[in-house]
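An overview of the molecular structure
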Amino acid sequence: MMVYKEYILKKALISRITQETKDTYTYHIKPLEDEIRGAPGQFNILYPYGGGEVPISISGMEDGEIMHTIRFVGAVTRMLSKMREGEIIGLRGPYGNAWPLNESRKQDILIVAGGIGLAPLRPVIMEVKRNRSEYGKLMILYGARTPQDLLYRREFEEYNKIEDCEFHVTVDKGDEKWTGNVGVVTTLIPKVEVNPKNTIAMVCGPEIMMKFTVKDLMEKKGLDASRIYISMERRMRCGIGQCGHCQVGPFFVCRDGPVFQYTKIKRYFEVKYI
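Residues numbered from 1 in each chain as written. Predicted model: local features only at pLDDT ≥ 70, side-chain atom pairs only at ≥ 80, totals over all residues. Heavy atoms only, no water.

**With respect to the sheet that holds strand S6 (residues 65–71)**
Selection rule: Pairing between two strands is assigned when DSSP locates at least 2 bridges connecting them. By the criteria applied, helices consist of DSSP H or I runs no shorter than four residues and strands consist of E runs no shorter than two, each listed in order from the N terminus. Lines fitted to C-alpha atoms define the axes here, with helix axes fitted over just the stretch in contact, and angles between the N-to-C directions of these axes take values from 0 to 180 degrees.
As summarised here, the arrangement of the seven strands in space is S4-S3-S7-S1-S2-S6-S5, forming an open sheet in which the pairing is antiparallel. Looking along the sheet, the strands with just one partner apiece sit at the ends: strand S4 (54–57) and strand S5 (60–62). Neighbour-to-neighbour, the strand axes of this sheet turn through a mean angle of 40°, independent of strand direction. Summarising the sheet, strand S1 (residues 10–21) and strand S2 (residues 24–31) pair through eight bridges and their orientation is antiparallel. When the sheet's bridge partners are listed, Leu13 is paired in S2 with Lys30.

In structure tokens:
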């Protein structure tokens, strides 16, 4: 019987767990068998032993550890929520393609993230920060439902200190302590000056949010579709394009994505699926 090498699970240690919101946590995972090098935009398959598998985007890579920011919304992630620091988890990957950082060198970068969509884009921010001279202006637009749903709030001051960086945050609904922007993330787009000939946009969030973001970037900021990249994490399961669960037109999101140049995926972007 043929066994796909990509299916083989490796043991990893949960070294640290950081709470982000009431239902979202970042797991710092240290591979125990082989070093795993992921790129911004890729994902891994996490396996709480006996609990099934779940694909989770890479939200950081530091000191030989991989970070995964997880919202507890399904059976497998609820199993993950019961795991503690020091326990062993199954891991395979990384899979998928990455954000176009090589193509973005000397270009301005516009990041638009909604909700937990900031997690796959966080490594881009960290990469630009580490290699600041390699990239042009950095613009970060981030929106969440409420102030309590904002990810990585402890890092916001750090984002603001990045050289030649604009960082704007909004929430759909504020509270008595919120003094920032109120509205969906697309309301932040007019706040930034975009050079359409020298800007790469990277967008991640709910599909309805990405739809209107892409529309505004093209119609109001003059960005060509070839300069817009989106991350589509549609129902990924196996990670290697074998189960067909994430097929969109001729593409398998787990294998051909999850990051797509918009010109490549726009024909299928709004296709309904069951």
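**So, the environment of Asp164**
Mapped onto the elements of the fold, Asp164 is located in the loop between helix H3 (156–160) and strand S10 (165–171). Measuring from C-alpha to C-alpha, the distance between Asp164 and Met139 comes to 8.6 Å, with 25 residues separating the pair along the chain.

**As for the sheet that holds strand S12 (residues 199–204)**
Put simply, the rule is: Contacts are assigned to residue pairs that have any heavy atoms within 4.5 Å of one another.
If you trace the seven strands from one edge of the open sheet to the other, you get S11-S10-S9-S8-S12-S13-S16, paired in mixed fashion. Each edge of the open sheet carries a strand with a single partner, namely strand S11 (181–182) and strand S16 (259–261). Two strands pair when backbone bridges link them, and S12 and strand S13 (residues 228–231) are joined in this way by three bridges, in the parallel orientation. Within S13, the residue paired with Ala201 across the bridge is Ile228. Where helix H2 (residues 118–130) meets the sheet, its contacts fall on strand S8 (108–114), strand S9 (138–144) and S12, and the angle it forms with S8 comes to roughly 155°.

**Notes on a nonpolar patch on the surface**
What counts, and what does not: Like charges within 9 Å and nonpolar side chains (Val, Leu, Ile, Met, Phe, Trp, Tyr) within 5 Å are joined into patches, using only residues over 30% in relative accessible area that form no salt bridge. What sets the accessible areas is the Shrake-Rupley method with a 1.4 Å probe; for residues, cover comes only from the shown protein chains. Within this document, salt bridges are pairs made up of a side-chain nitrogen of Lys or Arg and a carboxyl oxygen of Asp or Glu, the two lying within 4 Å of each other. Think of it in three bands: residues with accessible area under 20% of the maximum for their type are buried, residues over 50% are exposed, and the middle band is partly exposed, with areas taken using a 1.4 Å probe on protein chains only.
Judged by side-chain polarity, Leu32, Tyr49 and Ile88 come together as a nonpolar surface patch covering roughly 270 Å² of accessible area. Among the structural elements, Tyr49 can be located in the loop between strand S3 (43–47) and S4. Overall, the relative accessible area of 43% leaves Tyr49 in the partly exposed class.

**Concerning the pattern of salt bridges**
One pass over the structure, following the stated rule, counts 14 salt bridges. One salt bridge connects Glu127 with Arg130, and the closest N-O pair in it is separated by 3.5 Å. You can see Glu127 and its partner Arg130 sitting in helix H2, three residues apart, about one turn around the helix. Residue classification places Glu127 among the buried positions, given a relative accessible area of 14%. Lys220 is the salt-bridge partner of Asp216, the closest N and O atoms lying 3.8 Å from each other. What makes Asp216 buried here is its relative accessible area of 12%. One network of salt bridges, with partners in common, ties together Glu62, Arg122 and Glu155.

**Concerning the pairing of strand S7 (residues 88–95)**
When S1 meets S7, the two strands line up antiparallel, connected through four bridges. Note on S7: the bridge partner recorded for Lys11 is Gly90. Alignment of S3 against S7, held across four bridges, turns out to be antiparallel. Note on S7: the bridge partner recorded for Ile45 is Arg92.

**Some points on the side chain of Glu20**
We count it as follows: Think of a polar contact as two N or O atoms within 3.5 Å of one another; within protein, one of them needs to be a possible hydrogen donor and the other a possible acceptor, and neighboring residues in sequence only count if both atoms come from side chains.
If you trace the backbone, Glu20 turns up in strand S1. Taking relative accessible area as the criterion, Glu20 reaches 12% and is therefore assigned buried. Separated by 2.7 Å, the side chains of Glu20 and Arg154 make a polar contact.

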